Amino acid sequence: PTASFAQDAIKLHSDKRSVSIDLPRTTNDEYINNQSSSHSWSFDQVLHNASQDDVYATAAAPIVTDALKGINGTVLMYGQTGSG
């Protein structure tokens, strides 16, 4: 996404661990909209606009370090094909 992607709806909290999405309710006289308009999620960490080095240092380096000490570990990454 671009820097302005859904910037009015998505809020990254200052704790860098939670994200909220606020969707405006549509008003239509034909039906009642009882859908939830606010959603929140909490994570271990939110890496917004992070470099690959930052992602590695945060997510993989501790697991790789432990693996070199003989402790089992798995790093599973998912991303868009060709995204780096």
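Predicted model only: the values in this text are computed from it and were never measured.

How each quantity is defined
Residues numbered from 1 in each chain as written. Predicted model: local features only at pLDDT ≥ 70, side-chain atom pairs only at ≥ 80, totals over all residues. Heavy atoms only, no water. Helix = DSSP H or I, 4+ residues; strand = E, 2+ residues; numbered from the N terminus. Buried < 20%, exposed > 50% of the residue type's maximum accessible area, 1.4 Å probe, protein only. Areas by Shrake-Rupley, 256 points an atom, 1.4 Å probe, with all protein chains shown as cover. Pairing = 2+ DSSP bridges. Axes fitted to C-alpha atoms, helices over the stretch in contact; angles between N-to-C directions.

1. Side note on the overall build of the chain
Helix and strand content of the chain: one helix and three strands. Looking at the 84 residues of the chain, the share that counts as buried comes to 10%. Within the structure as shown, the chain displays about 7500 Å² of accessible surface, and the carbon and sulfur contribution to it stands at 51%.

2. A word on the sheet that holds strand β1 (residues 10-12)
Hydrogen bonds along the backbone pair up the strands of a sheet, which may run parallel or antiparallel. The antiparallel open sheet is built from three strands, whose spatial order is β1-β2-β3. Edge positions in the open sheet fall to β1 and β3 (38-42), since each of these has one partner strand only. For this sheet the average axis-to-axis angle between neighbouring strands, irrespective of direction, equals 15°. Direction of pairing for strand β2 (residues 18-22) relative to β3: antiparallel, over a ladder of five bridges. When the bridges of β3 are listed, I21 appears paired with H39.

3. Digging into the pairing of β2
Remember that side chains alternate between the two faces of the sheet whenever the strand is regular. Pairing geometry for β1 and β2, over three bridges, is antiparallel. Bridged to K11 within β2 is S20. Two successive antiparallel strands, β1 and β2, enclose a turn made up of five residues, where K16 displays a positive phi of approximately 55°.

Function cannot be read off these values alone, since they describe shape.
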